[in-house]
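What the coordinates show
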Amino acid sequence: MMMLPYIAAFELTRALAPPMIERGSGHVVCMPSLAGWTHIPGAAGYSVARRAMRAFASQLREDLRGT
C-alpha cells in the first residue's frame, strides 16, 4: 500500500526537484485524496499512505520555500 502512493511520489520528487530548482521554475503537485484527512473503515493501509503523502507535501513546501 505504501509503495505506489507514497514512495513513488517521494522518488519522483527527489529526481525532478533538483532540475526545477536549478532552472528556477516548476511545480510539485501532490493529491493525497480525502483518506489523508479522515478515517475510512477498512482502509488502514490506504489511509496511512495518504497521510504520509500529505505530511510529505507539507514538509516539501517548507523545505522548498523561496526556491
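A brief look at the structure comes next. (Residues numbered from 1 in each chain as written. Predicted model: local features only at pLDDT ≥ 70, side-chain atom pairs only at ≥ 80, totals over all residues. Heavy atoms only, no water.)

Notes on helix H1 (residues 3-23)
So the rule is basically this: The helix count covers DSSP runs of H or I at least four residues long, the strand count covers runs of E at least two residues long, and both are numbered beginning at the N terminus. The length a helix should cover is 1.5 Å for every residue beyond the first. The bend reported for a residue corresponds to the angle between axes fitted to the seven residues ending at that residue and the seven starting there. Note on contacts: a residue pair is in contact if any heavy atoms of the two residues lie within 4.5 Å.
Counted at 1.5 Å a residue, the expected span for H1 with its 21 residues is 30 Å, and the 29 Å between its end C-alpha atoms agrees. Leucine 16 marks the point of greatest bend in H1, at about 30°, and the proline proline 18 comes within the next four residues. Looking at the packing, one finds that the buried side of H1 touches helix H2 (44-64). Directly beyond the C-terminal end of H1, a positive phi value near 80° is found at glycine 24.

Brief notes about the side chain of threonine 13
The following threshold applies: Each residue's exposure class comes from its accessible area (1.4 Å probe, protein chains only) as a fraction of the maximum for that residue type: buried when under 20%, exposed when over 50%, partly exposed otherwise. Definition of a polar contact: a pair of N or O atoms within 3.5 Å, with one able to donate and the other able to accept a hydrogen when the atoms are protein atoms, and with sequence-neighbouring residues admitted only if both atoms are side-chain atoms.
Relative to the helices and strands, threonine 13 is located in helix H1. When its relative accessible area of 10% is taken as the criterion, threonine 13 is described as buried. Within the structure, threonine 13 has its side chain in polar contact with the backbone oxygen of alanine 9 (distance 2.8 Å). Residues within four places of threonine 13 in sequence aside, it is in contact with Pro18, Val28, Phe56 and Leu60.

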